[in-house]
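Architecture at a glance
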Amino acid sequence: MTLARRTFLASLGAAASLTLVSPTVLAKTAGSKKLLFIIQRGAADGLAQLAPIGDPAFAALRQKFVEEAQQGSKLDSMFALHPSLSRIASLYRRKEALFVHATASTYRERSHFDGQNILETGGERAYQFKSGWLNRLADQLVKRDAGASALAIGDGLPAALRGDFAAASFRPSNMADPAADFLDRVGRLYGDDPLLASNLQKAVEVSALAGESKAIKKRDYAGLGTLAAKLMRGPQGADIAMIESNGWDLHAQAQFRMGVQLDRMDQMVDAYQIAMGQEWRDTLVIIATEFGRAAAINGTAGTDHGTGGMMYMLGGAVNGGQIISDWPGLRQNDLLDERDLLPTLSQEAIISDSVAAHFGLDPVTTRGNLFPHVADRLKIPQIIV
């Protein structure tokens, strides 16, 4: 379903190493809902991922890229999903995926560092908050259910998971596991220190959850998806997890490189969905980027930093099979600064209201906690079943 621009505006009313911080990271939780957040670092091109082939101005802006876009999965008369996203297209047909187009945060500059910080911390300006919105969400769940866990799968703890709530990071490694007698000796050495002893125990627990999947090859994206599911499944698995996807800043020769990037993401999501099993029906996956790309391709067959972009909402928990878009159009006068897709939907409102509905939280309280600068009156269509 694509919303008409005027109708939607009227509804708005206006404008493998493991780092553990605390022994509570893998506490047993009361709920069964799971949230995976994947950030596309580098400003992913929404017009390439979900191409508006029905917009008369699209062909002139994208030129040689149009033929490839026409070969994608046509979701409706306006939009086609990139050909490399065939598995995610299948989720859409099963009503387990929806897409939000022409969306952005309140940020209107084009710095990766500032844009990513705003997306991850939920501030109105860069570095306004030291904690991330995922961390504050986990803390909100703890206060309601007396239990939650959060985990980053990657080299460190990203800004979205930093804060007062104790989150963990797990980095897959090709190194062999330490011998049992070594762990036993370390355990005795740490025994008199409550924090170190607890952290070691939790490290062992996360490693056990990962099982044989904890050692994956650097470019094994399906393996990464399977690993994420293993770390999240079941009552002892993480309720909230985050994966950082890099390499989306495609200023030159973007067509081939975008196909490679999207195929990797498609593999990861597919493997994650399969490995989650029955728990997929209670899972929400959000894929977002700091901002979009310029509407027109540049002289090196790439795209420059832009503004409006798109988000993925995947999982058995979503009201899938629809495209949420207050589409602004791609004519010169419709573009922001006569160069970018004009954002007409609040990225923060979409994220906040979706996670509130997913976890059964009060939407007003949640938005004030995660993105306090976003007006309460902003309304969004139903994303969670």
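Quantities reported herein were computed from a predicted structural model and do not represent experimental measurements. (Residues numbered from 1 in each chain as written. Predicted model: local features only at pLDDT ≥ 70, side-chain atom pairs only at ≥ 80, totals over all residues. Heavy atoms only, no water.)

1. Details of the overall build of the protein
When its secondary structure is counted, the protein shows 13 helices and 13 strands. Evaluated residue by residue, the protein yields a buried proportion of 56% over its 385 residues. Accessible area of the protein: about 16000 Å², with a carbon and sulfur share of 53%. (Helix = DSSP H or I, 4+ residues; strand = E, 2+ residues; numbered from the N terminus. Buried < 20%, exposed > 50% of the residue type's maximum accessible area, 1.4 Å probe, protein only. Areas by Shrake-Rupley, 256 points an atom, 1.4 Å probe, with all protein chains shown as cover.)

2. Quick notes on the nonpolar core
Counting residues in each nonpolar core, the largest one holds 61 residues, and the members touching the most others are I88, F99, M265, Y272, Y312, L314 and L330. Residues in contact with I88, not counting those within four places in the same chain, are L81, A97, F99, M265, D266, V269, Y312 and L314. Ranked by size, the runner-up nonpolar core spans 40 residues in total, among them I240, L284, I324 and V355. (Core = buried A, V, L, I, M, F, W, Y, C linked by side-chain atoms within 4.5 Å. Contact = heavy atoms within 4.5 Å.)

3. Section: unusual backbone geometry
Backbone geometry places A301, a non-glycine residue, at a positive phi of 60 degrees. Mapped onto the secondary structure, A301 falls in the loop between β10 (283-289) and β11 (309-314). At E338, a position not held by glycine, the phi torsion is positive, near 60 degrees.

4. A closer look at the side chain of Q322
Along the chain, Q322 falls in strand β12 (residues 322-325). Reaching out from Q322, the side chain makes a polar contact with the backbone oxygen of Q382 at a distance of 3.2 Å. (Polar contact = N/O pair within 3.5 Å; in protein donor to acceptor, adjacent residues only side chain to side chain.)

5. Observations concerning the pattern of salt bridges
Between side chains of opposite charge, a pair can form when the charged atoms approach closely. Counted by the stated rule, this structure contains 16 salt bridges. Note that D270 is salt-bridged to R87, the shortest N-O span being 3.9 Å. Of this pair, D270 sits in helix α11 (residues 254-276) while R87 sits in helix α5 (residues 86-93), placing them 183 residues apart in sequence. Of the residues examined, D270 reaches a relative accessible area of 24% and is grouped as partly exposed. What you see here is one network of salt bridges that share partners, running through R87, D263, D266 and D270. (Salt bridge = Lys/Arg side-chain N within 4 Å of Asp/Glu carboxyl O.)

6. Quick look at the sheet that holds strand β3 (residues 50-51)
Overall, antiparallel pairing links the three strands, which are arranged β3-β5-β4 in an open sheet. Because the sheet does not close on itself, it has two edges, and the strands there are β3 and β4 (73-74). Sheet topology places β4 next to strand β5 (residues 80-81); two bridges connect them, and they run antiparallel. Paired with S73 across the two strands is L81, which belongs to β5. (Pairing = 2+ DSSP bridges.)

7. Remarks on helix α6 (residues 112-121)
In terms of burial, α6 is a largely internal element, eight of the 10 residues being buried. Along α6, the positions that sit buried rather than exposed are H112, G115, Q116, N117, I118, L119, E120 and T121. The inward-facing, buried residues of α6 abut β2 (34-40), α7 (133-145), β9 (240-245), β10, α12 (347-359) and α13 (363-370). Following α6 by one or two positions, G122 adopts a phi angle in the positive range, close to 80 degrees.

8. Focus on the environment of S352
Structurally, S352 is set in helix α12. Along the backbone, S352 and G122 are 230 residues apart, and their C-alpha atoms lie at a distance of 9.9 Å. Apart from the residues lying within four places of it in its own chain, the contact partners of S352 are T366, R367, L370 and F371. A polar atom in the side chain of S352 sits 3.3 Å from the backbone nitrogen of R367.

9. Describing the confidence of the model for the protein
Of all residues in the protein, 79% attain a pLDDT of 70 or more, and the chain-wide mean is 86. Overall, residues 3-30 carries pLDDT values under 50, and its contacts beyond four positions in sequence, including any with other chains, amount to 81 contacts. (pLDDT = per-residue confidence, 0-100.)

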